[in-house]
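Listed below, chain by chain, are the residues.
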Number of protein chains: 2
Amino acid sequence: MAGELIECVPNFSEGRRLEVIEEIIAPFRKERGCVLLDYRADPDHNRLVVTIAGEPKAVQQALLEASLRAVKNINMENHRGSHPRIGAVDVIPFVPLRNISMMKCVELSLNFGRVFNQQTGIPVYFYEESAQRPERRRLEVIRKGQYETLKAEVKKPERHPDIGKTELHPTAGATVIGARKFLIAYNVNLDTENEEVVKFIAKAVRASSGGFCNVKGIGIYLKERGITQVSMNITDFERNPLYRVTELIRVEAKRWGIQVLETEVYGMIPAAAIVESLSYYLQIKDFSPDQVIELRLLDLI
Amino acid sequence: MAGELIECVPNFSEGRRLEVIEEIIAPFRKERGCVLLDYRADPDHNRLVVTIAGEPKAVQQALLEASLRAVKNINMENHRGSHPRIGAVDVIPFVPLRNISMMKCVELSLNFGRVFNQQTGIPVYFYEESAQRPERRRLEVIRKGQYETLKAEVKKPERHPDIGKTELHPTAGATVIGARKFLIAYNVNLDTENEEVVKFIAKAVRASSGGFCNVKGIGIYLKERGITQVSMNITDFERNPLYRVTELIRVEAKRWGIQVLETEVYGMIPAAAIVESLSYYLQIKDFSPDQVIELRLLDLI
């Protein structure tokens, strides 16, 4: 039996002080069994988004170490930034990648939440697939009013943490932990400057306007290029595959004689997603990610 | 620096005796750092084709062990089968997969050839990218007349082995070793019973009739299904990508109002090949195999 592999995208509330950012990231660089795939610090958001992957134990070990460093360096009482947040270690999503089910990943997130609380003293809310109350599946619900509001409202029963005391950590606030599916950031660029049209098309594909259930998206004008873009997050690529989203946008764009100029896969994508969409276009029968030779070599880990 | 990974597809001249087949395969199963991806024994061909991948050292170690077992069990004097062959360990192609150049893979094959000859006493011919004489790039040239003819002709200068004595091993014959690119076995099925048409289309795409330089192919009738198939080997998927081969077949089929029913990827395919072809259909800008998250985890090996 080959090893389990997960992805994790922890968000820390520090996007400005480079030395703190480096200190938080260091454990992800040095932990054996964990690969640091990407990190982006945004000074406006005052936030650090890290993407790591690897064996569950190694990932969790590095996460704990990085979190302790975040707690040591970040004081939510002084934190300002344009992105919503409730804590120094704001949110930790675990994503099943290989040889691990979603159910197992939920279990892992719940266990990690307990250890995390014990070691940091930070109260924990569980979200997405790990939510302990239905409304907490949605991050917005847990983060409502952000740190400043939650500090008072944490005493109310409906805002009690799932783990820990009914008060925020004095400097590190609270943390949201959970398991979710892989998220693909995908953009489709259109050869029109017409913002009205791109907004119409975005509505056709996104869940909030009645489109695909696992697509979030907005239509935006890219001024410097004089084109428009349907900017999307696909939150379940098995239910809403790339080819289907793309071809629907093509169909909608045709009404105005508009073409798809190009698309962008922003960041990481799982092999299964590209195998599925290529199977559509080439009409490949019974094509499986197991046929991708490099994936078979993951058994060596 | 992450580790080098290669594929290897050794062919042994035994496709009937199950206990011998199992004995030859055993080292590929147990060698750490080597993954046994596939093996197929064909009784008519009386031949065993094994697909392995992994770290160069582990792959070579398992190959030597398997080859010694093949030499012990196979006697070319008694070998009969419908597939051309010159030895018990008939051919060993090395294929660069990851973090290794073709040049490095050629070097590896040449070194392996020397060690192989020392340990088995079998004379070695180098082919494909490792060929020491231009005409020996082609396997057919080296294998001309097969074991029975080569036994006599090996004395002629133009048939001297590249390594070893100018006589065949008394029971194991000779072995062909070399480095080549990844080969994709790809079939396109057409909704016609017309064999003439499928042969016309096969000629349009294959190198031997003036088509794509790195495509071999034939048009065949699949009697049991009442359809036809362009059955291909793509020997360089970077120069002749899947999408281009498929779309050309579609274009040719249109002349007769014939549709592509489905396609088949037979066996393994490298991630770069699916990334490239999906990029075409989705018009993805600057899409790289490095964005396939599972591939990044190969750094853990």
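A. Quick peek at the overall build of chain A. If you tally the helices and strands in chain A, you get nine helices and eleven strands. Looking at the 301 residues of chain A, the share that counts as buried comes to 51%.

B. Structural detail: helix H8 (residues 271-282) of chain B. All names here are of chain B. Taking 1.5 Å per residue, twelve residues should reach 16 Å; H8 reaches 16 Å between its end C-alpha atoms and fits that length. Taken across its twelve residues, H8 has eleven buried, putting it largely inside the fold. Listed as buried for H8 are Ala 271, Ala 272, Ala 273, Ile 274, Val 275, Glu 276, Ser 277, Leu 278, Ser 279, Tyr 281 and Leu 282. Immediately beyond the C-terminal end of H8, within one or two residues, lies Gln 283, with a positive phi of roughly 55 degrees.

C. Representation of the sheet that holds strand S11 (residues 260-266) of chain A in the model. All names here are of chain A. Read across the open sheet, the four strands follow the order S9-S10-S8-S11; overall the sheet is antiparallel. Two strands in the sheet have a free side with no partner beyond their single neighbour: strand S9 (215-222) and S11. On average, each strand axis in the sheet is inclined to that of its neighbour by 20 degrees, with strand direction left out of account. Sheet topology places S9 next to strand S10 (residues 227-234); eight bridges connect them, and they run antiparallel. Residue pairing in the sheet places Ile 218 in a bridge with Ser 231 of S10. Set on the sheet, helix H6 (residues 195-205) makes contact with strand S8 (184-190), S9 and S10; between it and S9 the angle comes to about 170 degrees.

D. Layout of the relation of the copies chain B and chain A. Between chain B and chain A, the superposition needs a rotation of 180 degrees and an axial shift of 0.0 Å, giving an RMSD of 0.0 Å. Expressed as a symmetry operation, the mapping of one chain copy onto the other fits a two-fold axis. A symmetric contact is evident, with 100% of the interface residues of chain B recurring at the interface of chain A.

E. Local environment of the interface of chain B and chain A. With 42 residues of chain B at the contact, the number on the chain A side is 42 residues. Going through the elements one at a time, strand S1 (5-8), strand S3 (34-42), strand S4 (47-54), strand S5 (89-98), helix H7 (242-254), strand S11 (260-266), H8 and helix H9 (293-296) of chain B are the ones with two or more residues in the side of chain B that touches chain A. Considering each element in turn, the side of chain B that touches chain A owes the most residues, seven residues, to H8 of chain B. Each residue belonging to the side of chain B that touches chain A can be placed in one class, and the counts come to 26 nonpolar, eight polar and eight charged.

F. The arrangement of the nonpolar core in detail. Ile 52 and Ile 274 of chain A together with Ile 52 and Ile 274 of chain B are the most contacted members of the largest nonpolar core, which totals 188 residues. Apart from residues no more than four positions distant in its own chain, Ile 52 of chain B is found in contact with Cys 8, Phe 28, Cys 34, Val 35, Leu 36, Leu 37, Val 59 and Ala 62 of chain B.

G. Layout of unusual backbone geometry. All names here are of chain A. Of note, the phi angle at Asn 99 is positive, near 60 degrees, even though the residue is not glycine. Note on Asn 99: 14 C-beta atoms within 10 Å, which makes it partly exposed. Its identity is not glycine, yet Glu 128 carries a phi of approximately 50 degrees, on the positive side. Inspection of the secondary structure puts Glu 128 in strand S6 (residues 124-128).

H. View of the environment of Lys 151 of chain B. Within the fold, Lys 151 of chain B resides in helix H5 (residues 146-153). Lys 151 of chain B sits in the partly exposed class, given 18 other C-beta atoms within 10 Å.

I. Just the pairing of strand S3 (residues 34-42) of chain A, in detail. All names here are of chain A. In the sheet, S3 pairs with strand S4 (residues 47-54) via eight bridges, with the strands oriented antiparallel. Within S4, the residue paired with Arg 40 across the bridge is Val 49. The loop that links S3 with its antiparallel partner S4 comprises four residues; one of these, Asn 46, has a positive phi angle of about 50 degrees.

J. Inspection of the packing of helix H8 (residues 271-282) of chain A against H8 of chain B at higher detail. The N-to-C vectors of H8 of chain A and H8 of chain B enclose an angle of 60 degrees; their axes lie 9 Å apart at closest approach. Classified by the angle their axes make, H8 of chain A and H8 of chain B are oblique. Helix-helix and strand crossings are classified by hand; for H8 of chain A and H8 of chain B the assignment is left-handed. Along the contact surface, H8 of chain A presents Ala 271, Ile 274, Val 275, Ser 277, Leu 278, Tyr 281 and Leu 282 of chain A, while H8 of chain B presents Ala 271, Ile 274, Val 275, Ser 277, Leu 278, Tyr 281 and Leu 282 of chain B.

K. Representation of the pairing of S1 of chain B within the structure. Residue and element names in this part refer to chain B. The two faces of S1 match: Leu 5 and Glu 7 on one face and Ile 6 and Cys 8 on the other face are all buried. Note that S1 and S5 share four bridges and pair antiparallel. By the bridge assignment, Leu 5 is partnered in S5 with Arg 98.

L. Layout of the sheet that holds strand S9 (residues 215-222) of chain B. All names here are of chain B. Reading across the sheet, the four strands line up as S9-S10-S8-S11 and stay open at both edges, with antiparallel pairing between neighbours. Edge positions in the open sheet fall to S9 and S11, since each of these has one partner strand only. Going across the sheet, the axis of each strand differs from the next one's by a mean of 20 degrees, ignoring polarity. In this sheet, strand S10 (residues 227-234) lies alongside strand S8 (residues 184-190) in antiparallel orientation, the contact comprising seven bridges. Residue pairing for S10: Tyr 186 is matched across the bridge by Met 232.

M. Structural detail: the environment of Arg 138 of chain A. Tracing the sequence through the fold places Arg 138 of chain A in the loop between S6 and helix H4 (139-142). In the structure, Arg 138 of chain A is positioned ten residues away from Glu 128 of chain A in sequence and 6.2 Å away in space, judged by C-alpha atoms.

N. Quick peek at helix H2 (residues 56-73) of chain A. Taking 1.5 Å of rise per residue, 18 residues should cover 26 Å, and H2 of chain A covers 26 Å from first to last C-alpha, within 8% of that figure. What H2 of chain A keeps buried is the set Pro 56, Val 59, Gln 60, Ala 62, Leu 63, Ala 66, Ser 67, Arg 69, Ala 70 and Val 71 of chain A.

O. Focus on the packing of helix H2 (residues 56-73) of chain B against helix H3 (residues 102-120) of chain B. Residues and elements named next belong to chain B. Where H2 contacts H3, the two axes come as close as 11 Å, and the packing angle between them is 35 degrees. Handedness of the crossing formed by H2 with H3: right-handed. Facing H2, whose interface residues are Pro 56, Gln 60, Leu 64, Ser 67, Leu 68 and Val 71, H3 presents Leu 108, Phe 112, Val 115, Phe 116, Gln 119 and Thr 120. Of the residues that constitute the contact of H2 with H3, the class distribution is eight nonpolar, four polar and no charged.

P. A look at the environment of Val 106 of chain A. All names here are of chain A. Position of Val 106 relative to the elements: it lies in helix H3 (residues 102-120). For Val 106, a count of 20 C-beta atoms within 10 Å corresponds to the buried category. C-alpha separation for the pair Val 106 and Ala 131, spaced 25 residues apart in sequence, amounts to 9.1 Å. In this structure Val 106 touches Glu 129, Ser 130 and Ala 179, once residues within four positions along its chain are discounted.

Q. Structural context of the confidence of the model for chain A. The predicted model of chain A averages 97 in pLDDT, with 99% of residues at 70 or higher. Scored by ipTM, the complex comes to 0.91, with pTM at 0.92.

Procedures and definitions
Residues numbered from 1 in each chain as written. Chains lettered and ligands numbered in written order. Predicted model: local features only at pLDDT ≥ 70, side-chain atom pairs only at ≥ 80, totals over all residues. Helix = DSSP H or I, 4+ residues; strand = E, 2+ residues; numbered from the N terminus. Buried ≥ 20, exposed ≤ 12 C-beta atoms within 10 Å, placed from the backbone. Expected span 1.5 Å × (residues − 1). Pairing = 2+ DSSP bridges. Axes fitted to C-alpha atoms, helices over the stretch in contact; angles between N-to-C directions. Contact = placed C-beta atoms within 7 Å. Least-squares fit on C-alpha atoms with pLDDT ≥ 70 in both. Nonpolar A, V, L, I, M, F, W, Y, C, P; charged D, E, K, R; others polar. Core = buried A, V, L, I, M, F, W, Y, C linked by C-beta atoms within 7 Å. Parallel < 35°, antiparallel > 145°, perpendicular 65-115°, else oblique. Left-handed = near helix turned anticlockwise from the far one by under 90°. pLDDT = per-residue confidence, 0-100.

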